[in-house]
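The primary structure of each chain is shown beneath.
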Amino acid sequence: MPSAAPPFLIIGNPGNRRVTLFQEALVRAGLPAAHVVAWEQVARAPDVLLELPDTERLVRIDAAGEDAAVERAFLQRGYSDALGTGCDTVTPEALDALPDEHGRVLCPRQHHLGFLRVLEDLSARFALRPRWRVLSAPGAIADLFDKRTTSRRYAGLGIPVPPFLDVAPGTTPEALRHALREAGFREAFVKLSCGSSASCLAVYRPGRTEGAGGSLLTSLHRGATGWFNSLKVRRVTDAREVDAVLAFLLREGSQVEESRPKARLGGDVFDCRVLTVRGEPAFTVVRQSRLPITNLHLGGYRGDLDAFHAAVPPRELEAAMESCRAVARAHDCLHVGIDLMFEDFFHGHRVLEANAFGDLLPGLTRDGLSVYDWELREALR
């Protein structure tokens with residue numbers, strides 16, 4: 001690593017494991033610790049960035065999650081934009097009275113609109129600091145947090161994605177069932193368009209006849225004060241509860257796409273998280289499960305990478321990696337985490353979605369480098 005490397009600035013949550021892991025990578029590289037500006041500061045007083053001198057810097061924007069104060073700041077910023085959209089809202093005044101409840105899903109569309117406002121603030125301040133090199137552009141992060149935007153962009157670029165439906169916010173569950181039957185989707189993922197980490201996700205199988213509610217798999221459950229994310233996937237068959245889950249997701253804005261049969265390893269279905277760094281696939285994690293939802297914190301487990309390489313036909317593997325390169329080229333980001341599936345019997349592949357902050361992959365190494373070591377090396381190239 002060059003000793004004269006420009007200093008790093010991290011926009012993140014101080015003390016969060018992501019920030020800590022990147023700081024540790026800087027230490028291993030013999031570089032000074034990054035200056036950290038907290039997301040809460042940026043959300044409430046973005047001019048804090050302009051208090052830093054206009055000297056050469058590398059700017060890393062890290063994830064804003066896992067911090068209740070930041071969540072409330074985003075909700076405050078998004079309130080006026082959320083009014084009149086039909087989504088759930090909470091007033092800035094009411095926020096102060098709300099208890100901190102672990103796992104609660106509080107007005108996700110309003111939260112997302114606030115996040116977009118803060119990203120706009122970042123873009124405006126970065127424009128006043130031309131000597132700063134931003135590793136992931138705020139506009140690119142905004143795009144990556146809208147699954148409807150990315151799915152349609154990738155399809156337009158010829159990248160294989162699951163077939164999807166155009167579903168307006170506020171569509172009713174019955175209208176969704178009709179649309180799914182018209183499209184011939186036997187099963188569909190209904191995802192909050194701005195969700196992450198499998199938050200606000202359902203795998204829905206409509207009933208075979210008109211008016212039949214069907215069933216779904218979801219990590220959402222209702223508590224006394226609203227909706228919560230759980231670490232346990234549950235199957236819902238009660239028609240009223242099915243419609244309650246769907247109505248919530250549709251009201252907040254959803255990506256609806258066909259659930260395609262996934263290839264299997266050792267009897268279980270699998271997909272992959274492929275992390276591209278500077279446009280190239282750098283790390284792959286195989287995620288296996290007995291369920292269509294493979295996220296590691298929802299009962300999935302890491303599959304064996306050697307078994308994966310032995311199972312996937314080389315031509316199909318290279319085609320899939322080329323799709324990942326195409327996704328990376330579509331975004332002005334140093335790194336992009338891409339969720340990739342292979343279809344049953346490896347008869348093709350599909351890009352499921354992409355993530356701006358999909359690089360938290362602890363324990364993973366390549367050529368002796370951790371994910372953050374690798375990203376740091378590529379950022380300094």
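Our subject is the structure that appears above.
The shown structure was predicted, so the numbers you read here are calculated from the model rather than taken from an experiment.

Undergrad: Got a sec to walk through the sheet that holds strand β4 (residues 132-134)? Specific residues and values, please.
TA: If you walk across this open sheet you meet the 4 strands as β2-β1-β3-β4, and the pairing is parallel. Looking at the sheet topology across the chains shown, the edges are occupied by β2 (35-38) and β4. Across the sheet, the axes of successive neighbouring strands diverge by a mean angle of 25°, strand direction being ignored. Each of β1 (8-12), β3 (57-61) and β4 touches helix α5 (residues 108-127); the most contacted strand, β3, lies at about 175° to it. The sheet strands contacting helix α12 (residues 371-379) are β1, β3 and β4, and the helix crosses β3 at an angle near 140°.

Undergrad: For the nonpolar core, give the residues involved together with the corresponding values.
TA: Nonpolar side chains tend toward joint burial in soluble globular proteins. Of all hydrophobic cores here, the largest spans 55 residues; its most connected members are Trp39 and Phe342. Counting residues per element, this core draws most heavily on helix α11 (residues 314-329), at 6 residues. With near-sequence residues (within four places) excluded, Phe342 lies in contact with Pro261, Lys262, Ala263, Phe270, Cys272, Phe308, Val312, Glu316, Leu317, Ala320, Gly348 and His349. Among the nonpolar cores identified, the runner-up in size contains 26 residues, and Val19, Leu334, Leu361 and Leu364 belong to it.

Undergrad: Outline the packing of aromatic side chains, supporting the account with residue identities and numerical values.
TA: Within the structure shown, the criterion is met by 15 aromatic pairs. Both rings, one in Trp227 and one in Phe248, keep their centres 5.5 Å apart while their planes meet at 25°; by these two values the pair is stacked. Of the two residues, Trp227 is situated in strand β9 (residues 226-236) and Phe248 in helix α9 (residues 239-252); the sequence distance between them amounts to 21 residues. Summarising the burial analysis for this pair, Trp227 and Phe248 share the class buried. Grouping aromatic residues by their ring pairs yields a cluster made of Trp39, Phe74, Phe115, Phe145 and Phe357. Directly above the ring of Trp374 sits Arg377, whose terminal nitrogen or CZ lies 4.1 Å from the centroid.

Rules and cut-offs
- Residues numbered from 1 in each chain as written.
- Predicted model: local features only at pLDDT ≥ 70, side-chain atom pairs only at ≥ 80, totals over all residues.
- Heavy atoms only, no water.
- Pairing = 2+ DSSP bridges.
- Helix = DSSP H or I, 4+ residues; strand = E, 2+ residues; numbered from the N terminus.
- Axes fitted to C-alpha atoms, helices over the stretch in contact; angles between N-to-C directions.
- Contact = heavy atoms within 4.5 Å.
- Core = buried A, V, L, I, M, F, W, Y, C linked by side-chain atoms within 4.5 Å.
- Buried < 20%, exposed > 50% of the residue type's maximum accessible area, 1.4 Å probe, protein only.
- Phe/Tyr/Trp six-rings, centres within 6.5 Å; stacked < 30°, edge-to-face > 60°.
- Lys NZ or Arg CZ within 6 Å of the ring centre and 35° of its normal.

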